[in-house]
Amino acid sequence: IVGKCSTVWIVAEITRPADEKDCWEILESAVSLLGNGGECQHIHFICTKSDQFEDFRDHTAESRLALILQRNKKAKEEVRTDFSKLKNVKKHFNEDCFEVFTVSSKEFLKGGLEEISEIPKLQKFLQGLNDCHSETLNYVAGAYGILSLIQGSRSTDMVGKKGVYEDLERNINSQLELIRKAMEETYSVFEKCLNEGVEKSKRDIEKILKTFLHPPKKSKNRGFHRILKCLVQNDGIYKPKKRREINLNMKLTSSLTTSIDDEFKNTFPNKEKSGPFNGVINKFSLNTEKLKQKYNDVELQLTFLKTE
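- The chain is annotated in an unreviewed UniProt entry as AIG1-type G domain-containing protein of Goodea atripinnis.

And the structure:
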């Protein structure tokens, strides 16, 4: 599910946002699903209860506002500092993808201090997501294309329209050639990276297995056999209640995934208004607008092709 999310929200109380180690650990463990291979474009850290602190009502409205703004600023700086330390996460997401919000639903709903609560910003962001995924807009565009095809087929005789067919075929072949070339170049780069990753895996596998199959010296072997037993029974995964998850599979494949991380990010970016293979697929076009000027008697059929 996480891999299909375009935005991830991390929620913590403002009194201790930077101390929420569980939040950062979960983010680090899920970053491979969010970044390369995922659809995540934004990570939002939301600090709640921005209006709550001791002796809140003993202060004047002006001093309360100053205290809240000061704490909000400090909380944002602390969270951003912690985020900058997550090297594995930063490989997939830069500072532009990360944003910190401070919210106060209690005062916001009361109708006070709305100007410092960032709930309206989050609402606006959610509205933007809804607009981007508007099924109504897609339905109207599709319906318009089909109606154009129906009307065009009734009013135009397609016999003898060999010219428009040849132009369309020429445009398609030209566009497909660009896509084929981009994919072949990407394939070669990925193959080279993976070959290097395989060689590194061969060199490091003994060291990786040793860290799993041999207990740390400080542990004196206590309970280590239970960890090994869980790894075997759960397909290489051990999930303790209070410690970080141990995933042998991820460790063994880490050299391979690391070898293609940068190239994968460049080839399949999660950024808005960009597309895979340096945008060559998004740029695919039949140039129907130009063809309409040349073949205005089949304009409706070309409109259908454009919507499709």
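**As for the overall build of the chain**
Next up, step 1: Across its full length, the chain holds 11 helices and five strands.
Next up, step 2: Within the chain, the fraction of its 308 residues that count as buried is 33%.

**Let's talk about the packing of aromatic side chains**
Next up, step 1: Here the structure, examined in full by the defined rule, presents six aromatic pairs.
Next up, step 2: Judged by centre distance (5.3 Å) and plane angle (75°), the rings of phenylalanine 268 and phenylalanine 277 are edge-to-face.
Next up, step 3: Among the aromatic side chains, those forming a connected cluster through ring pairs are Trp24, Phe45, Phe83 and Phe98.

**Considerations on helix 9 (residues 248-267)**
Next up, step 1: Taking 1.5 Å per residue as the helical rise, helix 9 with its 20 residues ought to reach 28 Å, and the 28 Å between its terminal C-alpha atoms agrees with that figure.
Next up, step 2: At serine 254, helix 9 is bent by approximately 55°, the largest bend along its length.
Next up, step 3: Where helix 9 is concerned, the buried positions are Leu248, Ser255, Ile260, Asp261 and Thr267.
Next up, step 4: The N-capping residue of helix 9, defined by a side-chain oxygen 3.0 Å from the backbone nitrogen of asparagine 249, is asparagine 247.

**Things to note about the sheet that holds strand 1 (residues 7-13)**
Within a beta sheet, neighbouring strands are joined by backbone hydrogen bonds and run either parallel or antiparallel to one another.
Next up, step 1: One open sheet holds the three strands; their spatial order is 1-2-3, and the pairing between them is parallel. Here the strands that pair on one side only, and so sit at the sheet edges, are strand 1 and strand 3 (98-102). Strand after strand, the sheet turns through a mean of 20° between neighbouring axes, direction not considered.
Next up, step 2: Looking at chain direction, strand 1 and strand 2 (residues 42-48) are connected through seven bridges and run parallel. Bridge assignment links valine 8 to a residue of strand 2, and that residue is isoleucine 43.

About the cut-offs
- Residues numbered from 1 in each chain as written.
- Predicted model: local features only at pLDDT ≥ 70, side-chain atom pairs only at ≥ 80, totals over all residues.
- Heavy atoms only, no water.
- Helix = DSSP H or I, 4+ residues; strand = E, 2+ residues; numbered from the N terminus.
- Buried < 20%, exposed > 50% of the residue type's maximum accessible area, 1.4 Å probe, protein only.
- Phe/Tyr/Trp six-rings, centres within 6.5 Å; stacked < 30°, edge-to-face > 60°.
- Expected span 1.5 Å × (residues − 1).
- Bend = angle between axes of the 7 residues up to and from the residue.
- Polar contact = N/O pair within 3.5 Å; in protein donor to acceptor, adjacent residues only side chain to side chain.
- Pairing = 2+ DSSP bridges.
- Axes fitted to C-alpha atoms, helices over the stretch in contact; angles between N-to-C directions.

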